[in-house]
Amino acid sequence: MDASWFAPVMAYCERLDGSFWAEPLNAVSNGAFLAAASVAVLHERRGDRRDPAALVLAGLVAVVGIGSFLFHTLANRWSMLADVIPIGLFIYAYLLLALRRFLDVSSLMAIVVTVAFAAFNLSFSALADRVLGQSSAALSNGSIDYVPAVLALVIVGGASAVSGGPARRKAGLSLLGVAVLFLLSLACRTIDHTVCREFASGTHFLWHLLNAAVLYLLIATALRFRETEA
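Any chance you could explain the packing of aromatic side chains here in plain terms?
How two aromatic rings sit relative to each other is set out by the distance from centre to centre and by the angle between their planes. Applying the stated criterion across every chain, the model contains 12 aromatic pairs. Measuring from centroid to centroid gives 6.1 Å for Tyr92 and Phe117, while their planes differ by 75 degrees, and the two rings are edge-to-face. Of this pair, Tyr92 sits in helix H4 (residues 77-101) while Phe117 sits in helix H5 (residues 107-132), placing them 25 residues apart in sequence. On the basis of relative accessibility, which here comes to 19%, the residue Tyr92 falls in the buried class. On the basis of an interplanar angle of 25 degrees and a centroid distance of 6.2 Å, the ring pair of Phe182 and Trp207 is categorised as stacked. Residue Phe182 is found in helix H8 (residues 166-190), and its partner Trp207 is found in helix H9 (residues 204-229); the two are separated by 25 residues along the sequence.

Here you go:
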């Protein structure tokens, strides 16, 4: 592997050097993802019907936690990919499930929309740079990359809330509520460097804790809807 893949990444307020435990809160807080995945599996197991899609999502949440732990301890370029790739996979997998389950979109159309969203998501940061005339990633501490996911939550949640019976409306409102929590978690991610002087540990660990809750609630919403529709 090229030496550049091992180049250190000093991305967060808590990290002051290249040592393994330079980000203790950011590292340990990834346990929240493992807890969220475990609770999601227990939720699925307690239901009357098996839900393989929910278990796949729970597995991705666990991988998110492991990848993020690697990044906040090893803090180099390859571990950064171990952090961001599982998050992207969860986003796309959940959108595909949400289109099928909450909006009853055909499998083919759901795949087409998900692929189109992935293309939009991957190009969004560059588009934002052109609009702002400067690095949107630097301005937002990288949080700009998650704006499309928020938009997807709001659109699918809003469409679900107005498109069907009580179960679908409840699921839609739940997704909208999760979108609000997601925005709060993004705020914690964004201000990490800004608060360094007042709060030496930064706020990135709060992003982990809140985002773990977001991912669990998304899975729980899918499980409850399927149980209700059974």
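Please explain the nonpolar core as it appears in this structure.
Across soluble globular proteins, nonpolar side chains show a tendency to be buried alongside one another. Among the nonpolar cores identified, the biggest contains 46 residues, and Val61, Phe90, Tyr94, Phe102, Phe182, Leu218 and Ile219 are the most heavily contacted of them. Elements represented by at least two residues in this core include exactly helix H2 (31-46), helix H3 (52-74), H4, H5, helix H7 (147-162), H8 and H9. Residues contacting Ile219, with those up to four places away along its chain left out, are Ala40, Ala54, Leu57, Ala58, Val61, Phe90 and Tyr94.

How should the pattern of salt bridges be read in this particular structure?
Where charged atoms from two side chains of opposite charge come close, those side chains can pair. Per the counting criterion, the structure on display carries 4 salt bridges. Salt-bridge contacts for Arg15 lead to Glu23; the nearest nitrogen and oxygen are separated by 2.5 Å. In this structure, Glu44 engages Arg50 in a salt bridge whose closest nitrogen and oxygen atoms are separated by 3.0 Å. Through salt bridges that share partners, Glu44, Arg45 and Arg50 make up one connected network.

Before we go on, may I ask you to explain the packing of H3 against H9 in this structure?
Axes are the key here: two packed helices are described by the angle between their axes and the distance separating the axes. In contact at an axis separation of 10 Å, H3 and H9 are set at 170 degrees when each is read in the N-to-C sense. Considered as vectors, H3 and H9 are oriented roughly antiparallel to each other. Mapping the contact onto sequence places Ala54, Leu57, Ala58, Val61, Ser68 and His72 in H3 and His204, His208, Leu215, Ile219 and Leu223 in H9. When grouped by side-chain class, the residues that make up the contact of H3 with H9 number 7 nonpolar, 4 polar and no charged.

It is not clear to me how the environment of Ala222 should be interpreted in this structure. Could you clarify?
Structurally, the position occupied by Ala222 is in helix H9. Look at Ala222 and you get buried, because its relative accessible area is 1%. Once the C-alpha coordinates of Ala222 and Ser174 are considered, the two residues, 48 residues apart in sequence, prove to be 9.9 Å apart. Other than its neighbours up to four places away in sequence, Ala222 contacts Asp51, Tyr94, Leu97, Arg101 and Phe102.

Just to check I follow, could you spell out the state of the cysteines for this structure?
By definition, a disulfide links two cysteine residues through a covalent bond between their sulfur atoms. Here the structure, examined in full by the defined rule, presents 1 disulfide. Through a disulfide, Cys13 is tied to Cys196; the S-S separation comes to 1.9 Å. Here Cys13 is found in the segment before helix H1 (24-28), whereas its partner Cys196 is found in the loop between H8 and H9, with 183 residues between them in sequence. Using a relative accessible area of 25% as the deciding quantity, one classes Cys196 as partly exposed. You can see Cys188 has no disulfide; the closest cysteine sulfur is in Cys13, sitting 13 Å from it.

Please clarify how the side chain of Thr73 should be interpreted in this entry.
Assignment of secondary structure puts Thr73 in helix H3. Looking at Thr73, its side chain comes within polar contact range of the main-chain oxygen of Leu70, at 3.1 Å. Dropping the residues within four chain positions of it, Thr73 is found in contact with Arg15, Ser19, Phe20, Trp21 and Ala27.

Help me out: how do you make sense of the packing of H2 against H3 in this one?
Their axes nearest at 7 Å, the elements H2 and H3 cross at an angle of 165 degrees. Regarding the angle of H2 to H3, the classification is roughly antiparallel. The handedness of the crossing between H2 and H3 is left-handed. Residues Phe33, Leu34, Ala36, Ala37, Ala40, Val41, Glu44 and Arg45 of H2 pack against Ala54, Leu55, Ala58, Val61, Ala62, Val64, Gly65 and Ile66 of H3.

Here is what the cut-offs are and how they apply
The numbering scheme is per chain: residues are counted from 1 as the chain's sequence reads. Only residues with pLDDT of at least 70 get local features here, since the model is predicted, and only at 80 or more are side-chain atom pairs given and counted; chain-wide, interface and lining totals rely on the full set of residues. The basis for the side-chain values is all heavy atoms of the structure; hydrogens and waters are excluded. Stacked, edge-to-face and tilted labels apply to pairs of Phe, Tyr and Trp rings (six-membered ring for Trp) whose centres lie within 6.5 Å, assigned for plane angles under 30 degrees, over 60, and everything in between, in that order. We count a stretch as a helix when DSSP gives it H or I for four or more residues in a row; a strand needs E for two or more, and each element gets its number in order from the N terminus. Whether a residue is buried, partly exposed or exposed follows from its accessible area with a 1.4 Å probe, protein chains only, as a fraction of its type maximum: under 20%, in between, or over 50%, in that order. Side-chain atoms within 4.5 Å link the members of a nonpolar core, which is a set of buried Ala, Val, Leu, Ile, Met, Phe, Trp, Tyr and Cys residues. A contact between two residues is defined here by any heavy atoms of the two lying within 4.5 Å. Here a salt bridge means any side-chain nitrogen of Lys or Arg lying within 4 Å of a carboxyl oxygen belonging to Asp or Glu. All axes here are fitted lines through C-alpha atoms, helices being fitted over the stretch that makes contact, and every angle between N-to-C directions spans 0 to 180 degrees. Working rule for angles: under 35 degrees goes down as roughly parallel, over 145 as roughly antiparallel, 65 to 115 as roughly perpendicular, anything else as oblique. Side-chain classes follow a simple rule in which Ala, Val, Leu, Ile, Met, Phe, Trp, Tyr, Cys and Pro form the nonpolar group, Asp, Glu, Lys and Arg form the charged group, and the remainder, Gly included, forms the polar group. Criterion for a disulfide: a pair of cysteine sulfur atoms at a distance within 2.5 Å. Here a polar contact is recorded for every N or O atom pair within 3.5 Å, except that within protein the pair must consist of a potential hydrogen donor and a potential acceptor, and residues adjacent in sequence are included only if both atoms are side-chain atoms. It is the rotation of the near helix from the far one that decides the hand of a crossing: anticlockwise by less than a right angle makes it left-handed, clockwise makes it right-handed.

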